[in-house]
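# Architecture and fold: a report
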Amino acid sequence: DGGITQSPKYLFRKEGQNVTLSCEQNLNHDAMYWYRQDPGQGLRLIYYSQIVNDFQKGDIAEGYSVSREKKESFPLTVTSAQKNPTAFYLCASSITPTRRPYEQYFGPGTRLTVT
Amino acid sequence: AQSVTQPDIHITVSEGASLELRCNYSYGATPYLFWYVQSPGQGLQLLLKYFSGDTLVQGIKGFEAEFKRSQSSFNLRKPSVHWSDAAEYFCAVGPGSSNTGKLIFGQGTTLQVKP
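Residues numbered from 1 in each chain as written. Chains lettered and ligands numbered in written order. Predicted model: local features only at pLDDT ≥ 70, side-chain atom pairs only at ≥ 80, totals over all residues. Heavy atoms only, no water.

### Observations regarding the pattern of salt bridges
Residues and elements named next belong to chain A. Here the structure, examined in full by the defined rule, presents 8 salt bridges over all chains. Among the ionic pairs, D30 bridges to K71, the shortest N-O distance being 3.5 Å. Taken together, the residues span a long stretch of sequence, with D30 in the loop between β3 (19-25) and β4 (31-37) and K71 in the loop between β7 (64-66) and β8 (76-78) at a distance of 41 residues. A relative accessible area of 26% places D30 in the partly exposed class. Taking relative accessible area as the criterion, K71 reaches 23% and is therefore assigned partly exposed. Salt bridges sharing common partners tie together R36, D38 and R44. (Salt bridge = Lys/Arg side-chain N within 4 Å of Asp/Glu carboxyl O. Helix = DSSP H or I, 4+ residues; strand = E, 2+ residues; numbered from the N terminus. Buried < 20%, exposed > 50% of the residue type's maximum accessible area, 1.4 Å probe, protein only.)

Laid out in structure tokens, this is it:
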């Protein structure tokens, strides 16, 4: 089955540690996205990538970093510089946006708790 | 700047009753509109989308939405709600002139279904 996988489902870290969230897709999509979800705030875009080896900051990129070395993979690192990292993180992908946006397909999410 | 407003944070309906979830957007040109549903602790699933053409679009799970340009709205409807429809619903808009694929999400509406 084609889809997006995120691992792990739950992640616990101590404050001051970097942590990397995995996102893999087998939909052959070029574009991938990372969102952060907090209660009552909807989804906020952290980073997005439209092609391998290229990515752009979203609305709340501070304290996060990404890489896009393979088409299928778009890992997100939450660094110790992120002031409030505890949240639900969602990865999504879409076919290449050209003159219009396409629907995004979402993974099941990773809940990160930092204490 | 583009924005999406979902005026109702929480809605409760009885099982079998009709449902309408409101979505208003702010955008100068014709937007590309989406409705997603999210069960607790899960990723988002696409319900339906509007790009152009017929302003009444049908989606999965018996949902439909109507695009009204004069009201800048894209309300989601279902004639008879089932208990399994209890979830959080997100409206999203994509700017038509953009090739980034970025979507802007509303803050979500939580639907509770009474037996």
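### Concerning the interface of chain A and chain B
Taken together, the contact pairs 24 residues of chain A with 25 residues of chain B. Carbon and sulfur atoms supply 56% of the area that chain A and chain B bury against each other, a total of about 2,000 Å² over both sides. On inspection of chain A and its partner chain B, the count reaches 1 salt bridge. We note a salt bridge from B:K49 to A:E103, for which the minimum N-O separation is 2.6 Å. Taken together, the links from chain A to chain B amount to 4 residue pairs in polar contact (both at pLDDT 80 or more). Of all the secondary-structure elements, those providing two or more residues to the side of chain A that touches chain B are β4, β5 (43-51) and β9 (87-94) of chain A. Residue composition of the side of chain A that touches chain B, grouped by class: 12 nonpolar, 8 polar and 4 charged. (Contact = heavy atoms within 4.5 Å. Buried area = accessible area lost by both parts, 1.4 Å probe. Polar contact = N/O pair within 3.5 Å; in protein donor to acceptor, adjacent residues only side chain to side chain. Nonpolar A, V, L, I, M, F, W, Y, C, P; charged D, E, K, R; others polar.)

### Here's the deal with the pairing of strand β12 (residues 109-114) of chain B
Residue and element names in this part refer to chain B. Only one face of β12 is buried: it carries T109, L111 and V113, and the other face, with T110, Q112 and K114, is open. The sheet contact formed by strand β2 (residues 10-14) and β12 spans 5 bridges and is parallel. Looking at β12, one finds that T12 is bridged to Q112. (Pairing = 2+ DSSP bridges.)

### Focus on the sheet that holds strand β1 (residues 4-7) of chain A
All names here are of chain A. Reading across the sheet, the 4 strands line up as β1-β3-β8-β7 and stay open at both edges, with antiparallel pairing between neighbours. Every other strand in the sheet has two partners, leaving β1 and β7 as the edge strands with one partner each. On average, adjacent strands in this sheet sit at an angle of 20° to one another, irrespective of strand direction. One ladder, built from 3 bridges, connects β7 with β8; its direction is antiparallel. (Axes fitted to C-alpha atoms, helices over the stretch in contact; angles between N-to-C directions.)

Just distances and angles here, no functional claims.
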